Amino acid sequence: MSLTTRSETHCFGGVQGFYSHRSQQLDCTMQFSVFVPEQARTEPCPVVFWLSGLTCTEENFTSKAGAQRYAAQYGLVVVAPDTSPRGDHVPDDKAYDFGKGAGFYLNATQMPWAKHYRMYDYITGELPALIFRNFPARADAQGIFGHSMGGHGALSIALKNPGVYGSLSAFAPIVAPMQCPWGEKAFSRYLGDDRETWKAYDATELVKSGARFDGNILIHQGQADNFLTEQLKPALFETVCKDVDQPLTLSLQPDYDHSYYFIASFMGQHMEHHAKALYG
């Protein structure tokens, strides 16, 4: 569980750091960023884990989302890991939506992916253990959120781990990966042809089967998002949540697309959402 500091920079009264470590779960070196607010100098603070989308690393969110200003205001530790295992020995694919940069936050069962592509176990086990050992973050006050593929990860992980996360939100998430090209491609190759096994990583199917989040889920979705109709389909998730009385706020925003400009525009609302839930 040793940690290497790549850089640390003073930011909004706190510290924005970039770190790396050798992951036993993924059998490679992983990188992630952590923002520690000024409030954590005196006592541990609630922590929110951000999961990024396709092609991203830990740097996209950290440099583009503008989260530090709000994390400093509300007293939140923010952790942003990479989206997949990395390294020359890690299998990859030429397509942008599979392989490195496209781990889909699941545990692959098919070779050659199964040895390294275990992002679900990394996000739910190895990474938080590393964070709580090395940073002033509260294990009893965890939130999770993400964008696109990372929104899929945040929703499915929170639904599969009731009681672990006290807050949950997403930007333009893939809510029903079994019903979109991105998800069908990734699930078939990472998990195999048995679609029943896919349901364990599909937020819409998880809610259908009885999984619940104990709190309100916040989702922002741009209506000018090029991926809205074919890949994201938030209405599917909204419908199943209504059917079972799962609290959900789906905020549709005219004119906004899938970019980090969209994310930065509503980051303040999401950080407030997490702070209210985690601080009670």
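These remarks concern the structure in this document. Starting from 1, residues in each chain are numbered consecutively following that chain's sequence as written. The predicted origin of the model limits local features to residues at a pLDDT of at least 70 and limits the giving and counting of side-chain atom pairs to 80 or more, whereas totals for whole chains, interfaces and linings rest on all residues. To get the side-chain values, take all heavy atoms of the structure and skip hydrogens and water.

When two cysteine sulfur atoms lie within 2.5 Å, the pair is treated as a disulfide. All chains considered together, the criterion is met by zero disulfides. With no disulfide of its own, Cys28 lies 17 Å from the sulfur of Cys56, the closest cysteine sulfur. Cys45 takes part in no disulfide bond, and the closest cysteine sulfur to it belongs to Cys11, at a distance of 15 Å. Buried, partly exposed and exposed residues are distinguished by accessible area as a fraction of the type maximum, computed with a 1.4 Å probe on protein chains only: under 20%, between the cut-offs, and over 50%, respectively. Assessed through its relative accessible area of 2%, Cys45 is described here as buried.

Let us now look at helix 4 (residues 149-160). The terminal C-alpha atoms of helix 4, which comprises twelve residues, lie 16 Å apart, in line with the 16 Å expected from a rise of 1.5 Å per residue. The helix count covers DSSP runs of H or I at least four residues long, the strand count covers runs of E at least two residues long, and both are numbered beginning at the N terminus. In terms of burial, helix 4 is a largely internal element, eleven of the twelve residues being buried. Along helix 4, the positions that sit buried rather than exposed are Met149, Gly150, Gly151, His152, Gly153, Ala154, Leu155, Ser156, Ile157, Ala158 and Leu159. Between the first and last residue of a helix there are one fewer steps than residues, each counted as 1.5 Å, and that sum is the expected span.

On to the sheet that holds strand 3 (residues 28-36), then. Criterion used throughout: strands pair if DSSP finds at least two bridges between them. With mixed pairing, the nine strands of this open sheet are ordered in space as 1-2-3-5-4-6-7-8-9. Only two strands of the sheet have a single neighbouring strand rather than two, namely strand 1 (4-11) and strand 9 (248-253). Sheet twist, expressed as the mean angle between neighbouring strand axes with direction ignored, is 20°. Its contacts with the sheet place helix 9 (residues 234-244) against strand 8 (217-222) and strand 9, and it is angled at close to 155° to strand 9. Comment: axis = line fitted to C-alpha atoms, over the contacting stretch for helices; angle = value between 0 and 180 degrees taken between N-to-C directions. Two residues form a contact once any of their heavy atoms are found within 4.5 Å.

Turning to the layout of surface pockets, a few remarks are in order. Approximately 250 Å³ is the volume attributed to the largest pocket. With a 1 Å grid spanning the protein atoms alone, the term cavity applies to any set of points in which a 1.4 Å probe fits but cannot get out, the term pocket to an open set with protein on both sides within 12 Å along at least five of seven lines, and the term lining residue to any residue with an atom within 4 Å of a point. Considering the residues around the largest pocket, the lining is formed by 14 residues, among which Leu54, Thr55, Cys56, His147 and His258 are closest to the centre. Partitioning the lining of the largest pocket into residue classes produces seven nonpolar, six polar and one charged. Grid points are joined across faces, edges and corners, and a volume is the space filled by probe spheres set on the points. Just so you know the grouping, Ala, Val, Leu, Ile, Met, Phe, Trp, Tyr, Cys and Pro go in nonpolar, Asp, Glu, Lys and Arg go in charged, and all remaining residues, Gly too, go in polar.

Moving on, we come to empty space enclosed by the protein. The full count for this structure, using the stated rule, is one cavity of 30 Å³ or more. Taken together, Gln16, Ser33, Val34, Phe35, Phe61, Thr62, Ala67, Gln68, Ala71, Val78 and Ala80 form the lining of the largest cavity. Going through the elements one at a time, strand 3, helix 1 (58-64), helix 2 (67-74) and strand 5 (77-81) are the ones with two or more residues in the lining of the largest cavity. Here the lining of the largest cavity is composed, by residue class, of seven nonpolar, four polar and no charged.

What follows covers unusual backbone geometry. A cis amide bond links Met111 with the next residue in sequence, Pro112, at an omega value of 5°. Structurally, Pro112 is set in the loop between strand 5 and helix 3 (119-134). A positive phi angle, near 55°, is found at Asp27, a position not held by glycine. The topology assignment puts Asp27 in the loop between strand 2 (14-23) and strand 3. Its relative accessible area of 24% is what places Asp27 among the partly exposed residues. Positive phi, normally seen in glycine, also occurs at Ser148, with a value near 60°. Locating Ser148 in the fold gives a position in the loop between strand 6 (137-147) and helix 4. The buried category is assigned to Ser148, whose relative accessible area is 2%.

Turning our attention to the environment of Asp243. Among the structural elements, Asp243 can be located in helix 9. Residues Asp243 and Val207, spaced 36 residues apart in sequence, show a C-alpha to C-alpha distance of 9.6 Å.

If you look at the biggest cluster of nonpolar residues, it comprises 92 residues, and the most contacted ones within it are Phe32, Phe61, Phe104, Tyr190, Phe237 and Met267. Here this core gets eight residues from one element, more than from any other, and that element is helix 10 (residues 260-279). Ignoring sequence-local partners within four residues, the contact set of Phe237 consists of Leu155, Leu159, Val175, Ala203, Thr204, Val207, Ile217, Ile219 and Leu248. Only buried Ala, Val, Leu, Ile, Met, Phe, Trp, Tyr and Cys residues count toward a nonpolar core, and they belong to the same one when joined by side-chain atoms within 4.5 Å.

By convention in these notes, a salt bridge is any Lys or Arg side-chain nitrogen within 4 Å of a carboxyl oxygen on Asp or Glu. Enumeration over the complete set of coordinates arrives at 15 salt bridges. The partner of Glu59 in a salt bridge is Arg6, and the shortest N-O contact between them spans 3.5 Å. You can see Glu59 sitting in helix 1 and its partner Arg6 sitting in strand 1, a full 53 residues away along the chain. Exposure remark for Glu59: the relative accessible area of 41% places this residue in the partly exposed category. Here Glu238 ties to Lys242 by a salt bridge, and the two come within 3.8 Å at their closest N and O atoms.

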